[in-house]
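Working through the structure, step by step
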Amino acid sequence: PASCMQKADEKKEEPPTLEALGKKWNKFSSAYGTVMGTWASTSGQALVANLCVESPDVAKEGKLDILEVGCGPGNVTTLLLNRLRVCERPFKAVKILSTDFSESMLDLAKKRLQDVPRDPAITVELKKMDACDLGSLKTGTYDRLISNLCYMLVPDHKKAFAEAYRVLKPGGLACIGVWGEESNTKLFNLFPRALKKIGVDRPENNTRSNHHLQKQGGDDGLRKMMKGFGFRRCTVFHVHNAVGCLDGKELTQKWLRCMGDEGLAVPVLAKLRETGKYELMCETMSALAEEILEAGQPIGLDVSIMIAGSDHNTDAIC
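Residues numbered from 1 in each chain as written. Predicted model: local features only at pLDDT ≥ 70, side-chain atom pairs only at ≥ 80, totals over all residues. Heavy atoms only, no water.

1. Let's talk about the nonpolar core
Formed by 98 residues in total, the largest nonpolar core has its most connected members in Leu84, Leu145, Met281 and Met306. At eight residues, helix H1 (residues 18-39) tops the list of elements feeding residues into this core. (Core = buried A, V, L, I, M, F, W, Y, C linked by side-chain atoms within 4.5 Å. Buried < 20%, exposed > 50% of the residue type's maximum accessible area, 1.4 Å probe, protein only. Helix = DSSP H or I, 4+ residues; strand = E, 2+ residues; numbered from the N terminus.)

2. What to know about the pairing of strand E1 (residues 63-69)
Looking along a regular strand, one sees side chains alternate from face to face of the sheet. In terms of burial, E1 is largely enclosed, as six of its seven residues are buried. In this structure, E1 lies alongside strand E2 (residues 93-100), joined through seven bridges in parallel fashion. By the bridge assignment for E2, valine 69 is matched with threonine 99. Since E1 and E2 lie parallel, the crossover through helix H4 (residues 75-86) that links them has a hand, and here it is right-handed. Where E1 meets strand E4 (residues 142-148), three bridges bridge the pair, whose relative direction is parallel. Across the sheet, isoleucine 66 pairs through a bridge with arginine 144, a residue of E4. (Pairing = 2+ DSSP bridges. Right-handed = clockwise from strand over helix to strand, strands pointing away.)

3. With respect to the pattern of salt bridges
All told, the structure shown has nine salt bridges when counted by the stated rule. Two residues, aspartate 65 and lysine 169, come together in a salt bridge whose shortest N-O distance is 3.4 Å. Of the two residues, aspartate 65 is situated in strand E1 and lysine 169 in strand E5 (residues 168-179); the sequence distance between them amounts to 104 residues. Across the salt bridge formed by arginine 223 and aspartate 220, the nearest N and O atoms sit 2.7 Å from each other. (Salt bridge = Lys/Arg side-chain N within 4 Å of Asp/Glu carboxyl O.)

4. Overview of unusual backbone geometry
Located in the positive-phi region is cysteine 52, a residue other than glycine, with phi close to 55 degrees. Note on placement: cysteine 52 falls in the loop between helix H2 (41-49) and helix H3 (56-61). At leucine 149, a residue that is not glycine, the phi angle is positive and equals roughly 60 degrees. Within the secondary structure, leucine 149 sits in the loop between E4 and helix H6 (157-167).

5. Digging into the sheet that holds strand E6 (residues 231-242)
Sheet architecture is open: seven strands sit in the order E3-E2-E1-E4-E5-E7-E6, paired in mixed fashion. This sheet does not close on itself; its edge strands, each paired only once, are strand E3 (122-128) and E6. Averaged over all pairs of adjacent strands, the angle between their axes in this sheet comes to 15 degrees, without regard to strand direction. Here E4 runs beside E5; their pairing, made up of six bridges, is parallel. When the bridges of E5 are listed, asparagine 148 appears paired with glycine 177. (Axes fitted to C-alpha atoms, helices over the stretch in contact; angles between N-to-C directions.)

6. A short note on the state of the cysteines
Evaluated as defined, the whole model comprises zero disulfides. In this structure cysteine 71 is not part of a disulfide, and its nearest cysteine sulfur, from cysteine 150, lies 9.4 Å away. This cysteine, cysteine 258, is not joined by any disulfide, and cysteine 245 carries the nearest cysteine sulfur, 13 Å off. Under the relative-accessibility criterion, cysteine 258 is labelled buried at 1%. (Disulfide = S-S within 2.5 Å.)

7. With respect to the packing of aromatic side chains
Taken as a whole and judged by the stated rule, the model has five aromatic pairs. Ring centres 4.9 Å apart and planes at 20 degrees place the aromatic pair tryptophan 179 and phenylalanine 188 in the stacked group. Classification of phenylalanine 188 by relative accessible area gives partly exposed; the value is 24%. Measuring from centroid to centroid gives 4.6 Å for phenylalanine 191 and tryptophan 255, while their planes differ by 35 degrees, and the two rings are tilted. Here phenylalanine 191, found in helix H7 (residues 190-197), pairs with tryptophan 255, found in helix H10 (residues 248-259); they are 64 residues apart in sequence, far enough to count as distant. Each member of the pair phenylalanine 191 and tryptophan 255 is classed as buried. Each member of the aromatic cluster is reached from another via a ring pair, and the members are Tyr151, Phe161 and Phe229. The ring of phenylalanine 101 carries lysine 128 above its face, with NZ or CZ at 5.0 Å from the centroid. (Phe/Tyr/Trp six-rings, centres within 6.5 Å; stacked < 30°, edge-to-face > 60°. Lys NZ or Arg CZ within 6 Å of the ring centre and 35° of its normal.)

8. A closer look at H1
Compared with the 32 Å implied by 1.5 Å per residue over 22 residues, the 25 Å span of H1 between its first and last C-alpha is markedly short. Its axis deflected by about 70 degrees at tyrosine 32, H1 carries its strongest bend there. Those residues of H1 that fall on the buried side of the exposure criterion are Leu21, Gly22, Trp25, Phe28, Ser29, Ala31, Tyr32, Gly33, Val35, Met36, Gly37 and Trp39. Buried residues in H1 make contact with H2, H4, helix H5 (103-113), E6 and H10. (Expected span 1.5 Å × (residues − 1). Bend = angle between axes of the 7 residues up to and from the residue. Contact = heavy atoms within 4.5 Å.)

Now the structure itself:
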């Protein structure tokens, strides 16, 4: 029956495969590490600030085990190390396991961390791991879990969140940032708007939107989701990863570095060059960005921050 048929204009979004993710982020690692990784520091700082490394449970144990999922080029790892180095230090020892599925990202993180001042009481291990399968890690191993802009990317977020809950100790805490409201994310809307303005059709893209977790029910949906995986409570708030730029032209140049040959090598850019519309697109995108900046608004990514405690009938951690 017609009522059972998928509508012709209905867009079916598919999650990326693990292999595709690995290839994408290995290729994208350098551009992300030098350009986009800096933009992500705002949400990273919010996660570190809410990790509660000075809380009573830490002082009681005397040590702290932290798991980082999706460490990328080590931006948040660096923020975390700096925080641990200068805080009140109720702990005697800290062990951090920073994981990522991209070997290229892990190589960048290794290089970055070599320049970070270190304390003998704080150790960091980098390891290639799949967020959806942390099987090599024992249940109830970690006091804290931190992850910045990873969980909305994984092929199966349900498995990934279930694994996050599993590896946390009783009374543990997870601080997780994912892509937030699409309507408040102007950075990734500029290019499609520029294409439309110069009369170029945007290529079909059936890949699942990175905003899919936020879209499933907003902030209340995120809270309900985390409780469904066993977390006792989940606080949700938003931060904005604004791109630092002096004008629209600089923003466009940074974006093109990530999307061009140095980064993801988006096919439509090559097509624009072939048709002689590349420069026009750049000028149009710069003008659109300038309008936003002139209006006093940020251009960046809205991030949903989830602070979730594991459900073991313990008192509040923070």
